[in-house]
Amino acid sequence: KKIVAALAALAICATALITPALAQDKKFTVALVPGLTTDGFYITMRKGAQAAADALGVTLVFQGAPDFNPVTQVPVLDAVIAKKPDAILIAPTDKVQLVEPLRKANDAGIPVITVDTFIGSGVYQTGAGEADFPLSYIASDNILGGEIAARALAKAIGDKGKVYVSNVKPGISTTDQREEGFKKEMAANHPGITVLETQFNDNDANKAASQLQAVFARNSDLVGVFGANLFSALGAANGVQQAGQTGTIKVVAFDAPTSIVDNINTGLVDVAIAQHPAEIGYFGVVSAYAHLTGQSIPVAIGTGFTIMDKSNIADPNISKYLYSE
Ligand code: T6T
């Protein structure tokens, strides 16, 4: 009996010794759910995430919907949750509509970190909010991004005239904040500029192009447009070109797909504000790994911008921030 008890005790000790080692050797799987799959911004974010995953021995799963829409993103998220990854990084496509679907992940014990966009107010882990359960928010400062866009457009149009914002749709944290920052800066510091009604394009560049022409048809004195994300900006620029107004109607673009280089060089786009999506993906995976291995992580991580125009676009230190395809 004594021997059996001693062996049992030994087994318990051995398990206690072995378990932490096994936990450390565990290969973690982190899922990255982008806003949509066919967007240079998220393709670049995935590259950064993959670089961190390779460095840390993490398996990265990239699964998303073909369009930027909660109706298509939620089923993808449900499928990801069913596979029980160790952590989820997600760019929620709506501040409100993704709260309950993400709570399911959290309730299932899967840590959630939001990248690029946020849910609720974007202030997490306060114990106060209905949507404060994500561990961290990793993104650009989008209000600042909108302010930068406003200053660039104001400069391009000599601080006077009519402009408008080409935007995706209300309810997306990033593009809502860019519009907010843009309008705040215009109202505070550019009294000679009139900001016309925002045009929402549902992330459809063709729609953004026809809206540009419709706004121009109603306002022949239109002098500028701020495209608040990649598709809004490309579409608005195409609209300016189709209207034969290249250089007359100034375009400030958020985001930096490779095609922006030609648009800058031909004078169709004055300024492009590149985000650093690879950094967002990299720090997303590092944060998830840190949390999974028992480290505390920052509740928010801010990444920067690179402002591109004709004067610097040929510089490799600038062009390295163009998005991958
Ligand atoms: O501007 C990015 C991203 O930050 C935003 O949340 C959605 O649109 C993009 O993906 C660009 O298409």
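A brief look at the structure comes next. (Residues numbered from 1 in each chain as written. Predicted model: local features only at pLDDT ≥ 70, side-chain atom pairs only at ≥ 80, totals over all residues. Heavy atoms only, no water.)

1. Brief notes about the sheet that holds strand β5 (residues 136-140)
- Taken together, the 6 strands give an open sheet; going across it, the order is β2-β1-β3-β4-β5-β12, and neighbouring strands pair in parallel fashion. The outermost strands of the open sheet, each flanked by one partner alone, are β2 (59-62) and β12 (300-303). Strand-to-strand twist in this sheet, taken as the mean axis angle between neighbours without regard to direction, amounts to 15°.
- Alignment of strand β1 (residues 29-33) against β2, held across 4 bridges, turns out to be parallel. Along β2, the bridge assignment pairs A31 with V61. (Pairing = 2+ DSSP bridges. Helix = DSSP H or I, 4+ residues; strand = E, 2+ residues; numbered from the N terminus. Axes fitted to C-alpha atoms, helices over the stretch in contact; angles between N-to-C directions.)

2. Here we look at the layout of surface pockets
- If you add up the space inside the largest pocket, you get close to 150 Å³.
- Along the walls of the largest pocket sit I148, A152, K155, A156, D270, V271, I307 and D309, which together make up its complete lining.
- Examining the composition of the lining of the largest pocket, we find that 4 residues originate from one element, helix α5 (residues 142-156), more than from any other.
- Tallied by class, the residues present in the lining of the largest pocket amount to 5 nonpolar, no polar and 3 charged. (1 Å grid on protein atoms, 1.4 Å probe; cavity = no way out; pocket = protein on both sides within 12 Å on 5 of 7 lines; lining within 4 Å. Points joined across faces, edges and corners; volume = space filled by probe spheres on them. Nonpolar A, V, L, I, M, F, W, Y, C, P; charged D, E, K, R; others polar.)

3. Concerning the packing of aromatic side chains
- Per the counting criterion, the structure on display carries 9 aromatic pairs.
- Seen from their ring centres, F41 and Y42 are 4.9 Å apart, and the 85° between their planes marks the pair as edge-to-face. Residue F41 shares its accessibility class with Y42, and that shared class is buried.
- Between F41 and Y323, the ring centres sit 5.9 Å apart and the planes meet at 65°, which makes this aromatic pair edge-to-face. With F41 in helix α2 (residues 40-56) and Y323 in the segment after α11 (316-319), this residue pair connects regions lying 282 residues apart in the sequence. Just as F41 is buried, Y323 falls in that class too.
- Counting every residue linked through ring pairs, the aromatic cluster contains F182, F226, F254 and F305. (Phe/Tyr/Trp six-rings, centres within 6.5 Å; stacked < 30°, edge-to-face > 60°. Buried < 20%, exposed > 50% of the residue type's maximum accessible area, 1.4 Å probe, protein only.)

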